[in-house]
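# Coordinate inspection notes
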Amino acid sequence: MPNSRDILIIGAGHNGLVAAFYLAKAGFKPLVLERRAQVGGAAITEEFHPGFRCSTLAHSAGPLRPDIVRDMQLARHGLKFAPSEISTVSLTPDGRALVLHSDSNKSAQEISQWSPKDAAAYADFAAALAKISKVIAEALALTPPNIDNPSSGDLWGMLKTGRSIRNLGKKDLYRVLRWGPMAVADLVAEFFDTEPLRATIAARGIFGTFLGPWSAGSALVLLIRAAADPTPAGTPQFPIGGAGAITAAMAAAAQEAGAEIRTNAAVEQVLIKDGVATAVVLANGEEIPARAIVSNADPRRTFMCLVDPIHLPPDFVQKIKNFRCAGTVAKINLALSALPDFTALKSRAAETPNLLASRLQVSPEIDYLERAFDESKYGSFSRAPYLEIAFPSLSDPSLAPAGQHVMSIYVQYAPFNLKAADGTKSPANWESQRKALGETVVKTIAHYAPDLPQKILRHQIITPQDLEDTYGLTGGHIFHGELALDQFFTMRPLLDWARYKTPIDRLFLCGSGTHPGTGLTGASGANAAREILKTLKK
Amino acid sequence: MATNYDIIVIGGGHNGLTNAAYLAKAGKRVLVLERRHVLGGAACTEEVFPGFKFSVCSYVVSLLRPEIIRDLDLPRHGLEILPLDGTFTPMPSGDYLWRVNDHGKTHREIARHSRVDAEAYDEFGKAMQAMCRFVKPILSMIPPDPSTLNPRELMKLLFIGRRFQGMSSDDKYNQVQLMTMSAVDFLDQWFETDVLKATMSASGIIGTFLGVRSPGTAYVLLHHYMGEIDGAFRAWGFARGGTGAISNAIAGAAREAGVEIRTEAAIAQILVKNNRAYGVVLANGDEIHASVISSSVDPRLTFTKMIAPGHLPDEFLEGVNRYKFRGSSGKVNMALSGLPNFKCLPGIGAHLRGAMSISPSVDYMEKAYDEAKYGHWSSRPYIDMVIPTLTDTSLAPPGKHILSCFVQYAPYKLAPGLDWDTEKEKFGDNVVNTISEYAPNIRDIILHRQVVTPLDLEREWGLSEGNIFQGELSLEQLFFLRPVAGWAQFRSPIKNLYMCGSATHPGGGIMGGPGRLAALEILKDAKAS
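One structure accompanies this document, and this report is about it. Model, not experiment: these values are computed from the prediction.

## Quick notes on the environment of Cys54 of chain A
All names here are of chain A. Positionally, Cys54 belongs in strand 4 (residues 52-55). Here Cys54 falls in the buried class, since its relative accessible area comes to 0%. Taking the C-alpha atoms as reference points, Cys54 and Gly242, 188 residues apart in sequence, are found 6.2 Å from one another. Contacts of Cys54, omitting those with residues within four sequence positions, involve Ile44, Thr45, Glu46, Phe48, Asn333, Pro392, Val406 and Ser408.

## Section: unusual backbone geometry
Peptide bonds are, in most cases, trans, and in most cases residues other than glycine have a negative phi. Backbone torsion omega between Arg482 of chain B and Pro483 of chain B reads -5°, so that peptide bond is classified as cis. Locating Pro483 of chain B in the fold gives a position in the loop between helix 16 (454-461) and strand 20 (497-499). The backbone phi angle of Asp496 of chain A is positive, close to 80°, even though this residue is not glycine. With respect to the helices, strands and loops of the structure, Asp496 of chain A is situated in the loop between helix 17 (464-469) and strand 16 (507-509).

## Topic: the pairing of strand 10 (residues 287-295) of chain A
As a general feature of sheets, a regular strand has side chains that alternate between the two faces. Residue and element names in this part refer to chain A. Taken across its 9 residues, strand 10 has 7 buried, putting it largely inside the fold. Taking the residues between adjacent antiparallel strands as the criterion, strand 9 (residues 276-282) and strand 10 are bridged by 4 residues, where Gly285 takes a positive phi near 95°. In this sheet, strand 16 lies alongside strand 10 in parallel orientation, the contact comprising 3 bridges. In the sheet register, Ile293 faces strand 16, and the bridge partner there is Leu507.

## Considerations on the packing of aromatic side chains
Residues and elements named next belong to chain A. Here the structure, examined in full by the defined rule, presents 36 aromatic pairs over all chains. Centre to centre, the rings of Trp179 and Phe191 are 6.0 Å apart; their planes meet at 85°, and the pair counts as edge-to-face. Remark: Phe191 occurs in helix 7 (residues 184-191) and Trp179 occurs in helix 6 (residues 170-179); sequence separation between them is 12 residues. Neither residue differs from the other here; Trp179 and Phe191 are each classed as buried. Seen from their ring centres, Phe210 and Phe373 are 6.0 Å apart, and the 85° between their planes marks the pair as edge-to-face. With Phe210 in the loop between helix 8 (195-206) and helix 9 (218-228) and Phe373 in helix 14 (residues 366-377), this residue pair connects regions lying 163 residues apart in the sequence. Residue Phe210 is classed as partly exposed on the basis of its relative accessible area, which comes to 28%. The exposure class assigned to Phe373 is buried, which follows from its relative accessible area of 6%. One aromatic cluster in this structure is built from Tyr122, Phe125, Trp179, Phe191 and Phe192. Looking at Arg383, its charged tip hangs above the ring of Phe381, at a distance of 4.1 Å from the centre.

## Overview of the pairing of strand 2 (residues 30-33) of chain B
Residues and elements named next belong to chain B. Residues Val30 and Val32 line one face of strand 2 and the alternating positions Leu31 and Leu33 line the opposite face, and both faces are buried. Here 4 bridges tie strand 1 (residues 4-10) to strand 2, and the two strands are oriented parallel to one another. Each residue of the ladder has a partner; that of Ile10, found in strand 2, is Leu33. Where the polypeptide runs from strand 1 across helix 1 (residues 14-25) and back to strand 2, its parallel neighbour, the crossover connection is right-handed. Sheet topology places strand 2 next to strand 11 (residues 260-262); 3 bridges connect them, and they run parallel. The partner of Val32 across the bridge, within strand 11, is Ile261.

Cut-offs applied
Residues numbered from 1 in each chain as written. Chains lettered and ligands numbered in written order. Predicted model: local features only at pLDDT ≥ 70, side-chain atom pairs only at ≥ 80, totals over all residues. Heavy atoms only, no water. Helix = DSSP H or I, 4+ residues; strand = E, 2+ residues; numbered from the N terminus. Buried < 20%, exposed > 50% of the residue type's maximum accessible area, 1.4 Å probe, protein only. Contact = heavy atoms within 4.5 Å. Pairing = 2+ DSSP bridges. Phe/Tyr/Trp six-rings, centres within 6.5 Å; stacked < 30°, edge-to-face > 60°. Lys NZ or Arg CZ within 6 Å of the ring centre and 35° of its normal. Right-handed = clockwise from strand over helix to strand, strands pointing away.

Structure follows, in structure tokens:
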């Protein structure tokens with residue numbers, strides 16, 4: 001067949017690129033097709049105001065799984081991270097800041113100014129989390145077992161994980177079992193009294209999800225994220241050059257390994273013949289046949305848009321329709337004439353540059369986060385949202401003109417499905433809310449840095465609707481689908497279909513909608529490549 | 001005075017009595033000690049106002065394990081379950097949703113709201129039955145200890161695994177969702193009618209401090225679906241004579257088997273020597289010895305109030321202190337001179353004979369929870385009401401009625417500055433106001449009103465923090481994690497001291513499961529020693 005490819009990968013997001021790399025490494029010649037003009041998916045750096053560049057969406061790595069960084073030799077391909085020792089600077093309404101470090105002794109020192117008891121408990125919590133997260137990390141690297149008919153490999157994997165869990169000892173074993181389904185607010189309350197400390201750690205359990213800190217299962221999200229980075233609040237990893245630098249390095253590594261990448265190549269349809277995926281059709285009508293097709297698009301998009309659902313079993317279609325992927329996240333990027341002055345940092349002038357170069361969090365108390373969540377349940381964005389703020393131009397001055405800065409703000413909760421005040425659902429009215437969302441966020445930050453509004457040269461406001469329309473994330477969900485107990489591990493995206501395969505022969509998934517599916521770690525892409533290779537080599 | 005018994009059961013609630021009955025039937029000499037003047041714990045009937053007998057706390061029954069009814073021959077001891085047919089949900093729009101046990105009628109009624117939902121309702125019922133079939137054997141199982149390598153424990157896990165594997169792919173999918181999702185997320189997949197989802201989701205939050213959108217509530221939905229009277233799933237009923245009649249029937253069976261029962265016998269302390277429980281001291285100073293103590297009160301009372309410090313390992317005590325109660329509900333019982341007249345369905349009809357549910361929309365339910373999260377009782381609460389006198393006329397003088405209202409949310413911990421003793425009557429007024437929006441004549445027919453707050457449940461009925469299940473039914477407190485991880489097999493770190501109340505597997509409701517399972521374990525140990 002002319003132009004036939006062995007493997008096509010739909011979407012050059014980070015998971016697509018990781019999968020492409022491993023498949024190429026194994027001797028295949030994958031072709032990655034990217035709809036947009038640049039690779040990267042949600043890990044991109046773009047100019048949003050003349051001279052100002054910013055990580056448009058995600059601004060910190062997940063962090064990346066170390067074996068992926070090593071295998072792809074990302075450092076050699078130009079990826080560099082800003083040095084980071086500070087985990088989080090958590091701002092409180094009384095003008096203070098709780099600073100957490102990746103070093104748990106330093107954190108304890110800082111916490112002792114709030115509560116000596118919590119300072120002592122912090123070491124316990126950090127140690128328990130480190131121990132447990134190691135076992136979770138093992139499970140995340142695993143392909144979820146086949147429930148109906150576990151293969152010997154599945155059993156071996158389960159046995160190994162089972163043994164690691166047992167080796168934790170009775171106390172930590174029961175912790176894993178008990179913590180998983182808990183509300184993260186309960187979990188942190190078992191260790192700490194200080195509200196900003198509780199909330200700052202708990203925020204990790206709600207990040208990107210439609211959960212509040214009092215929602216059961218939010219502790220699991222914290223554990224999953226801790227698997228990649230066991231420090232209690234997580235330490236951000238800012239790539240020099242923005243998130244786009246990560247995917248640029250990945251693209252280079254994949255290409256070097258033998259993959260080919262085409263941008264401006266939107267896949268319209270996956271062609272299926274007798275239950276087998278045979279080719280894709282591009283927006284320009286071009287048809288590319290292939291031996292196997294791997295979709296890095298989210299499950300909803302893959303099965304409801306790219307594939308004609310007629311080729312799928314009806315109950316599968318029904319379940320995919322029920323796959324929850326309504327996002328809660330918006331992103332605001334600001335071009336600033338100068339750095340804003342944060343009240344809380346005035347007394348710590350010497351440290352200020354380091355503190356600002358890390359991550360600032362607006363999560364002063366559990367109830368603050370829960371109230372922010374409450375509003376989103378009824379279809380409006382939080383008037384006092386949870387925020388995570390970074391100034392990437394501090395670690396990489398090339399992102400803004402000299403003396404000027406970019407400010408990258410992650411905003412939660414901004415529900416994809418807005419409702420009108422009278423409770424009726426009026427879809428697609430995010431456009432009318434765009435300005436109000438920007439104002440709310442700036443106002444919220446101005447409470448901690450009163451001079452911020454005067455320093456703004458330009459807003460870039462990315463609503464959940466933009467995440468869907470421009471960046472292809474269905475429902476605007478940054479994880480391609482809700483991270484919750486019922487959509488995790490053997491259930492991600494669906495029970496019986498958690499092994500990167502689909503009901504259509506030769507069509508695979510490799511995106512965040514598959515296990516483990518969190519943030520910028522590359523784990524889904526790497527796990528998927530392993531399974532695809534197994535199938536194709538048969 | 002020191003009389004010797006084989007076993008002393010602390011608490012004469014339905015689980016304590018069940019426990020005692022099973023032990024006595026196996027030939028043990030058993031003494032039950034109840035602090036109050038009436039038996040039954042929260043399953044009691046009391047004449048609160050002259051002529052009006054209230055099921056003060058628990059008011060309907062469905063979860064009572066059929067094997068217990070059979071083993072203890074409860075009908076012969078006076079247990080008679082009367083039908084409670086249907087759930088009537090009035091809506092602010094002037095419409096209503098009225099589901100009854102008659103399949104055809106319910107189908108037509110739901111179709112009036114949505115044809116699609118009427119079809120889905122049948123499918124849903126079938127799916128829930130399949131789920132119940134999977135979960136039921138687990139309810140009768142001693143929870144395994146996943147931390148050991150003991151083959152017997154592993155077999156139990158394997159048994160569950162096998163049963164899970166044996167289900168159809170759809171059932172597996174549903175089961176996993178039920179164990180993990182929120183009631184609303186789960187119902188959203190089946191139905192579109194808001195009021196239907198709201199009123200169905202209510203069973204997912206009863207007695208828990210969770211909202212209908214909180215993950216984990218789908219399981220509680222199933223827990224309540226498991227009701228079984230005469231083998232019919234999802235059938236709820238009244239006990240003739242009020243819920244106290246259930247406890248009395250169990251007590252009758254226990255006495256017949258030789259159990260001695262004393263009321264007004266509060267326990268001051270459980271006696272422990274060399275890490276072995278050997279008796280109790282009553283509040284009046286009496287000391288009674290026994291080789292086994294079986295406590296049906298919750299772990300907080302048992303281990304932190306009745307045991308002198310120093311007898312328990314720290315880690316276990318940490319677990320006990322961590323165990324979450326968080327009572328979230330109250331009761332308002334009313335003596336009525338007539339019957340409520342609903343605006344949306346006026347007159348005296350069959351709708352008054354079933355449950356009447358104030359749960360008009362999902363957002364209504366969720367907002368009720370939001371208020372409670374921050375320490376306020378819901379200004380517009382979820383209310384589940386029944387008028388048992390329409391089925392059982394013995395409970396009130398002729399022509400008069402009683403209205404039993406279960407109200408949620410009433411958080412045990414109120415916001416700073418508020419306390420339940422001052423809020424109590426305001427809370428009661430608010431319930432009347434809420435009902436009057438649907439049945440305005442309610443104000444005119446109230447003769448007496450009794451308000452039971454979570455604090456009352458704690459003080460009077462010994463339910464810590466007023467939790468009606470002796471501890472939340474949340475995932476991290478179920479099965480082998482209930483009440484304390486590693487201590488889910490009814491035993492405690494103190495030898496010969498057992499737990500047999502709702503705080504143990506399979507949990508709360510008038511089920512009797514914990515009492516029975518604990519008795520089996522006690523007997524097993526007795527045989528082994």
